[in-house]
Amino acid sequence: MARLLTPGCSVPDWLKPLLGGRLNAAGREAGRPLPPHLRPPPCSVCPPIRMRIPVSSRVDWREPSSVCKRGRESIKEKAKLRLRECDVGDKFSHLPLRKASVLLPLLLRDGVLCLLLTVRSVQLRRSPGEVCFPGGKREERDKDEIDTALREAKEEVGLQPEKVEVMCRLVPVIDKMNHLITPVVGFIEDTFQASPNPDEVSDVFVVPLEYFIKPLNYVALPYKNSSGYLSWMHCFTYDDHESKKSFKIWGLTAHLAVFLAIVIFRTKPTFEVHYDLDNLIASAENGFMNLYASIKERKKSSL
């Protein structure tokens, strides 16, 4: 890059007539490089400015829309690849526990990967007003965990099953009622507009997925897990600038959001997690099976 006049150095009098209208209010050159024959000698006080533009910051001005589109597709395709690698399928479906599923809906907003969440109606008997994913108990008509998640999402927020590109089933969790809850991950359209069922859902919002590994407001809360052992629970507070509301995301919902973020970004969160990032799925499955075994043992001892 050609040398620019260094900030703090006045333009010499002999050069001003040649620059004409290219001087700024301070009487200095406005920032355009000079022809070689007009360049002044190096300043003995200030070093010259040299700028490097990072490759990631360069924009193809000829095809801005296509560049943005390629960027969005790249983010999405990379996420899809990592989700498929972590699909556990029906590996845990045989376990003798009551079944439930939740849908973890992913979408892109302004090129940022986001997660859609809901707020349960205050009229509900169980966990009123809490943040959760669309989902519920399995019914006889459901063929599998995916069917359950898609049916519940349609009933709760008006998301049509054919509008969901299902990617995988992640390692399940067990709630305090000993339900086996399978997280189903799928991409939905970026333009999706929710139609909440007021009997079940009071609000719908989206959170950048990265917030669940790099939060602005996070605490770890002590609690007793399903097996009766003391553990730690993730608790996030997210300020949604669009709706000007704050949402508390905690419990199993936060647990699943954190795990999903780690699966996709493969990055250690800014807080402690009990996963081996080099063997993510194996460590998650081992943790789940240890929990299941302790619940099973506890049931036996209570008989």
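Keep in mind that this is a model prediction, so the values were computed, not measured.

Engineer: Before we move on, could you go through the pattern of salt bridges and cite the residues and values that matter?
Structural biologist: Following the criterion strictly, the structure yields 15 salt bridges and no others. Residue Lys-163 pairs with Glu-189 through a salt bridge whose shortest N-O separation is 3.6 Å. Here Lys-163 is found in the loop between helix H3 (145-157) and strand S5 (165-169), whereas its partner Glu-189 is found in the loop between strand S7 (179-187) and strand S8 (201-208), with 26 residues between them in sequence. Measuring nitrogen to oxygen at the nearest pair gives 3.4 Å for the salt bridge that ties Lys-214 to Glu-210. On the basis of relative accessible area, Glu-210 is assigned to the partly exposed category, the value being 37%.

Engineer: Can you tell me about the pairing of S7, naming the residues and giving the values?
Structural biologist: On a regular strand, each side chain points to the face opposite its neighbour's, so the side chains alternate between the two faces of the sheet. Most of S7 is tucked away: nine of the nine residues are buried. A two-sided burial pattern is seen for S7, the buried positions comprising His-179, Ile-181, Pro-183, Val-185 and Phe-187 on one face and Leu-180, Thr-182, Val-184 and Gly-186 on the other. Examined bridge by bridge, strand S1 (residues 98-109) and S7 share nine bridges and lie parallel to one another. Its bridge partner being in S7, Pro-105 is matched across the sheet by Gly-186.

Engineer: Explain the side chain of Lys-99 to me, using residue names and the numbers behind them.
Structural biologist: Here Lys-99 lies in strand S1. Among buried Asp, Glu, Lys and Arg side chains, Lys-99 stands out as unpaired, with Glu-145 the closest opposite charge at 6.7 Å. A polar contact of 2.9 Å, which involves the side chain of Lys-99, links it to the backbone oxygen of Leu-97. When neighbours within four sequence positions are excluded, Lys-99 is seen to be in contact with Ser-93, Lys-137, Arg-138 and Leu-180.

Engineer: Please provide a residue-by-residue account of the packing of aromatic side chains, values included.
Structural biologist: With the rule as written, the count across this model stands at ten aromatic pairs. Ring plane angle 75° and centroid distance 5.1 Å describe the contact between Tyr-211 and Tyr-238, whose orientation is recorded as edge-to-face. Highlighted residues: Tyr-211 in the loop between S8 and strand S9 (218-224) and Tyr-238 in strand S10 (residues 230-240), separated in sequence by 27 residues. Relative accessible area serves as the criterion here: at 10%, Tyr-211 is assigned to the buried category.

Engineer: I'd like to hear about helix H4 (residues 251-265), residue by residue, with values.
Structural biologist: Compared with the 21 Å implied by 1.5 Å per residue over 15 residues, the 21 Å span of H4 between its first and last C-alpha is a close match. Counting buried residues in H4 gives twelve out of 15 residues, a clear majority hidden from the surface. For H4, every residue scored as buried is listed here: Gly-251, Thr-253, Ala-254, Leu-256, Ala-257, Val-258, Phe-259, Leu-260, Ala-261, Ile-262, Val-263 and Ile-264. Trailing H4 by a residue or two, Arg-266 shows a phi angle of about 50°, which is positive.

Reading guide: rules and limits
- Per chain, residues are indexed from 1 in the order of the written sequence.
- At least 70 in pLDDT is required for a residue's local features to be given in this predicted model, at least 80 for side-chain atom pairs to be given and counted, and no such filter applies to totals for whole chains, interfaces and linings, which use all residues.
- Heavy atoms throughout the structure, all of them, feed into the side-chain values; hydrogens and water do not.
- Any Lys or Arg side-chain nitrogen found within 4 Å of a carboxyl oxygen on Asp or Glu counts as a salt bridge.
- Every helix listed is a DSSP run of H or I at least four residues long, and every strand listed is a run of E at least two residues long, numbered separately from the N terminus.
- Exposed residues in this analysis have more than 50% of their type's maximum accessible area, buried residues have under 20%, and partly exposed residues fall in between, with area computed by a 1.4 Å probe over protein chains only.
- Any two strands with at least two DSSP bridges between them are considered paired.
- Counted charges follow a simple rule, with Lys and Arg positive, Asp and Glu negative, and His plus the chain ends left uncounted.
- N or O atoms closer than or at 3.5 Å make up a polar contact, with two conditions inside protein: a donor-capable atom paired with an acceptor-capable one, and, for residues adjacent in sequence, both atoms drawn from side chains.
- The contact criterion used throughout is that any non-hydrogen atoms of two residues lie within 4.5 Å.
- Two rings belonging to Phe, Tyr or Trp (six-membered ring only in the last case) form a pair when the distance between their centres is within 6.5 Å. Interplanar angles under 30 degrees mark stacking, angles over 60 mark edge-to-face geometry, and anything in between is tilted.
- What a helix should span is 1.5 Å times the count of its residues minus one.

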